[in-house]
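The primary structure of each chain is shown beneath.
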Amino acid sequence: MWKLLGTTLLCYFIWVFWWIPTPEAYTPVTTAGFIAPTVQDSIQQYLQVCAPLAIREMHHTGIPASIKLGQALLESRFGSSPLAQQANNHFGIKAEPKWDNQPRHCLYSYEWSPRRGRMIPVLSCFRHYKNIADCYMGHSEFLMQRPHYAPLFQLASNDIEGWAKGLQEAGYATDPTYAEKLLQVIQKYQLERFDQPEH
């Protein structure tokens, strides 16, 4: 029994410390730092593919397309992050216990530590989606199925600031400036235009 347990633990530590790459050093990125070096064409290509998905979900669920696109741009760096590239996860949604029978993708991510007052690397497992469309639908279901996000769906459809602050207050992200960054991305790329009926 002890030999079996020891072998299992040894395999686990080999997997954690050898197979999963160590995290890169964290470099604080301001919203301006995120936006400035971004190639505008890359943003437009991302929006061309994903805006229709966000608009469709807005009509089905009431989640503003600007909020969904803003979160995706911020969380996935317009689809270029390892999580987006390797797992089609554009919203940083983790694989909770009830996701056990579904594919998952584990990697290091940075989360805010109130005790240390800075971002620290944490090994986390995230949802793995078959494609981007499933990811966008999964994001809608994630928000709609959790009671702490319910107040957001009572907001006016054009209350983008309310949505951004509500997501942060409900604990969507550990970054204490999440709402501010989200609103800046929405403003920078004029994402509110996708909330209009003609789109």
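Figured I'd write up the structure that's included with this text.

Calculation criteria
Residues numbered from 1 in each chain as written. Predicted model: local features only at pLDDT ≥ 70, side-chain atom pairs only at ≥ 80, totals over all residues. Heavy atoms only, no water. Helix = DSSP H or I, 4+ residues; strand = E, 2+ residues; numbered from the N terminus. Polar contact = N/O pair within 3.5 Å; in protein donor to acceptor, adjacent residues only side chain to side chain. Contact = heavy atoms within 4.5 Å. Axes fitted to C-alpha atoms, helices over the stretch in contact; angles between N-to-C directions. Left-handed = near helix turned anticlockwise from the far one by under 90°. Nonpolar A, V, L, I, M, F, W, Y, C, P; charged D, E, K, R; others polar. Buried < 20%, exposed > 50% of the residue type's maximum accessible area, 1.4 Å probe, protein only. Arc of directions from axis to C-beta. Salt bridge = Lys/Arg side-chain N within 4 Å of Asp/Glu carboxyl O. Core = buried A, V, L, I, M, F, W, Y, C linked by side-chain atoms within 4.5 Å.

**Things to note about the side chain of Asn89**
Note on placement: Asn89 falls in the loop between α5 (82–87) and β1 (104–113). From its side chain, Asn89 meets the backbone nitrogen of Phe91 in a polar contact 3.2 Å long. Filtering out sequence-adjacent residues up to four positions away, Asn89 remains in contact with Leu83, Ala84, Phe126, Arg127, Tyr129 and Cys135.

**Regarding the packing of helix α7 (residues 160–169) against helix α8 (residues 178–188)**
It is the contact of α7 with α8, at a shortest axis distance of 8 Å, that shows an interaxial angle of 145°. The crossing of α7 and α8 is right-handed. Of the residues in α8, those touching α7 at Ile160, Glu161, Ala164, Lys165, Leu167 and Gln168 are Tyr178, Ala179, Glu180, Leu182, Leu183 and Ile186. Considered class by class, the residues forming the contact of α7 with α8 number 8 nonpolar, 1 polar and 3 charged.

**What to know about α7**
Within α7 the residues assigned to the buried category are Ile160, Trp163, Ala164, Gly166 and Leu167. All buried residues of α7 lie within an arc of 165° about the axis, which places them on one face of the element. For α7, the secondary structure elements touched by its buried residues are α4 (65–76), α6 (132–144) and α8.

**Details of the pattern of salt bridges**
As enumerated under the stated definition, the model contains 3 salt bridges in all. The salt bridge partner of Arg56 is Glu57, with a shortest N-O separation of 3.6 Å.

**As for the environment of Asn89**
Given a relative accessible area of 1%, Asn89 falls into the buried group. Along the backbone, Asn89 and Glu75 are 14 residues apart, and their C-alpha atoms lie at a distance of 9.1 Å.

**Focus: the side chain of Gln71**
Considering the arrangement of structural elements, one finds Gln71 in helix α4. In this structure Gln71 comes out as buried when scored by relative accessible area, which is 0%. Within polar-contact distance, the side chain of Gln71 engages the side chain of Tyr178 at 3.0 Å. Those residues in contact with Gln71, other than ones at most four positions away along the chain, are His90, Phe91, His139, Leu167, Tyr172, Tyr178 and Leu182.

**Concerning the nonpolar core**
One finds Leu69, Leu73, Tyr136, Tyr172 and Leu191 to be the most contacted residues of the largest nonpolar core, which totals 40 residues. Of all elements in the fold, only α3 (40–61), α4, α6, α7 and α8 reach the threshold of two or more residues within this core. Tallying contributions element by element places α3 first for this core, with 9 residues. Those residues within four positions of Tyr172 in sequence are excluded, and the remaining contacts are Gln71, Glu75, Phe91, Ile93, His139, Phe142, Leu143, Tyr149, Leu167 and Tyr178.

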